[in-house]
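# Coordinate inspection notes
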Amino acid sequence: MQLAGGGQGGGGGRISVDLAALRANYAVLANAAAPAAVGAVVKADAYGLGAAAVAPALAAAGCRQFFVAVLSEALALQPHLPADAVIYVLNGLASDEAERGAAAGVRPVLNTSRQARDWLEVAQRVRRPLDAALQVDTGMSRLGLSPETAQALAADASFRTAAPIALLMTHLACADVTDHPANALQLARLRAVADALDTPPPLSIANSAGVFLGEDFHAAVVRTGIALYGAAPVLPGAPVMSTVVRLEARVLQVRDIPAGAGVGYGLDHIAEQPARIATLGVGYADGWSRRLGGRGAAMFEGVRLPMVGRVSMDSCAIDISALAPGALDEGDYVELLGEAARLDDVARAADTIPYEILTRLGPRLARTYLDTATAKEVQG
Ligand SMILES: *Cc1c(COP(=O)(O)O)cnc(C)c1O
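In this report, we go over the structure that sits alongside the text. Note that this is a predicted model, so its numbers are computed, not measured.

The rules behind these values
Residues numbered from 1 in each chain as written. Predicted model: local features only at pLDDT ≥ 70, side-chain atom pairs only at ≥ 80, totals over all residues. Heavy atoms only, no water. Salt bridge = Lys/Arg side-chain N within 4 Å of Asp/Glu carboxyl O. Helix = DSSP H or I, 4+ residues; strand = E, 2+ residues; numbered from the N terminus. Buried < 20%, exposed > 50% of the residue type's maximum accessible area, 1.4 Å probe, protein only. Near = heavy atom within 4 Å. Polar contact = N/O pair within 3.5 Å; in protein donor to acceptor, adjacent residues only side chain to side chain. Areas by Shrake-Rupley, 256 points an atom, 1.4 Å probe, with all protein chains shown as cover. Nonpolar A, V, L, I, M, F, W, Y, C, P; charged D, E, K, R; others polar. Phe/Tyr/Trp six-rings, centres within 6.5 Å; stacked < 30°, edge-to-face > 60°. Lys NZ or Arg CZ within 6 Å of the ring centre and 35° of its normal. Axes fitted to C-alpha atoms, helices over the stretch in contact; angles between N-to-C directions. Parallel < 35°, antiparallel > 145°, perpendicular 65-115°, else oblique. Left-handed = near helix turned anticlockwise from the far one by under 90°. Contact = heavy atoms within 4.5 Å.

### Regarding the pattern of salt bridges
Evaluated as defined, the whole model comprises 17 salt bridges. For Glu-99, the salt bridge identified is with Arg-125, shortest N-O distance 2.4 Å. With Glu-99 in helix H5 (residues 98-104) and Arg-125 in helix H6 (residues 113-126), this residue pair connects regions lying 26 residues apart in the sequence. The partner of Arg-310 in a salt bridge is Asp-268, with the nearest N and O atoms 3.1 Å apart. On the criterion of sequence distance, the pair formed by Arg-310 in the loop between strand S15 (303-308) and strand S16 (316-319) and Asp-268 in the loop between strand S11 (262-263) and strand S12 (269-270) is long-range, its members being 42 residues apart. The class for Arg-310 is partly exposed, based on a relative accessible area of 34%. Each of Arg-14, Arg-246, Glu-248 and Glu-335 takes part in a single network of salt bridges with overlapping partners.

Here you go:
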């Protein structure tokens, strides 16, 4: 029995990931950030798209720096990357992970004094330098050393010898608000740490939105996730990114209902007039938010088909009365995310952000990797 979608098709929904569009987005970011390098953030399985396919495509486009959140992601990613690629673990390594991380050659982002001490100890034990990144909390109060602690570590020659600081980084809290004063303040705090050092390490500041805050924020490496995957940072001067993800739901059943009939749990939707309803094979267990019931829509040949009634675990319903009879039938597919059903719009309708929409897409949805440049389809 096939439990997950697993690329076999026939499930209630399918995702196609356009690797050519992904590479195009990488090129747009590389151009915008040059001469800074573009690092790819592929945590959470490349935001749900499948890191095992996404990361090699980016590597083929020239990307050599990859960022994940946790060690298990780094270890799973490593076989898919060229030998000269480096992987940073953003959350750092727990004490009992440092040795495994070092053996695998991954680079932790050192966020706490304990993480720094553990890494130093492992480096001394294995008697070879172990590269790491040092994160400074410049005001977000999420992860990272205080500027003073970071400065002291980075000024410590024996620490730098044992644990060369490949990146001195920080993360912006408000990069998506161009003129937010926190951006300049965070930049200044990171620079103050670097400027006080005889040999400042390469700096890394910007996420996707940060790339469009101007070259002051580019530094040595930008760390981009969501823009690679097609969600444009909503900033003046930011380019429109190519659509990478397409989610389609299969029509399980079509029915005509009379005025007054209810649809779905709680009969939340009552048809005001006779309607044609299609039940789709994607539900909240696939990551399709319950909030989209009564608010979201599917797209079919340019027509917006409103989502009606509550989203069930394995299905949801749309009103297809706007289509000609027979235009959409059992076994056909409608778009839930893609060129027509824009990720940003879906996120807004679900009261969330594109990141959450993508990372929730579940394992039952078969993922197919499409390379429009070569019209080659790869099963993932
Ligand atoms: C997730 C993350 C990123 C990527 O952010 P995007 O907005 O997706 O580009 C960059 N840096 C850090 C530290 C992150 O946690």
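### Here we look at the site of the ligand
Inspection of the region around the ligand gives 13 residues, with Lys-43, Tyr-47, Ser-208, Ile-226 and Tyr-355 positioned closest. Arg-223 has a polar side-chain atom sitting 2.9 Å from a nitrogen atom of the ligand. In this structure, an oxygen atom belonging to the ligand sits 2.8 Å away from a main-chain N or O atom of Gly-225. Considered on its own, the ligand offers 390 Å² of accessible surface; in the complex 94% of this is hidden by protein. Only helix H2 (43-47) and strand S9 (221-224) provide two or more residues apiece to the shell around the ligand. Of the residues contributing to the shell around the ligand, the split by class is five nonpolar, five polar and three charged.

### So, the packing of aromatic side chains
Considering all chains together, one arrives at three aromatic pairs under this definition. With a centroid separation of 5.0 Å and 15° between ring planes, the pair formed by Phe-67 and Tyr-88 is classed as stacked. With Phe-67 in strand S3 (residues 65-68) and Tyr-88 in strand S4 (residues 86-89), this residue pair connects regions lying 21 residues apart in the sequence. What makes Phe-67 buried here is its relative accessible area of 0%. Members of the aromatic cluster, connected to one another through ring pairs, are Tyr-47, Tyr-229 and Tyr-355. It is Arg-14 that lies over the ring of Tyr-333; its NZ or CZ is 3.5 Å from the centre.

### Thoughts on the packing of helix H1 (residues 19-33) against helix H3 (residues 51-60)
Running from N to C, H1 and H3 cross one another at 50°; their axes reach a closest spacing of 10 Å. Considered as vectors, H1 and H3 are oriented oblique to each other. Where H1 crosses over H3, the handedness of that crossing is right-handed. Taken together, the residues of H3 that come into contact with H1 (itself represented by Leu-19, Leu-22, Arg-23 and Tyr-26) are Ala-53, Val-54, Ala-57 and Leu-58.

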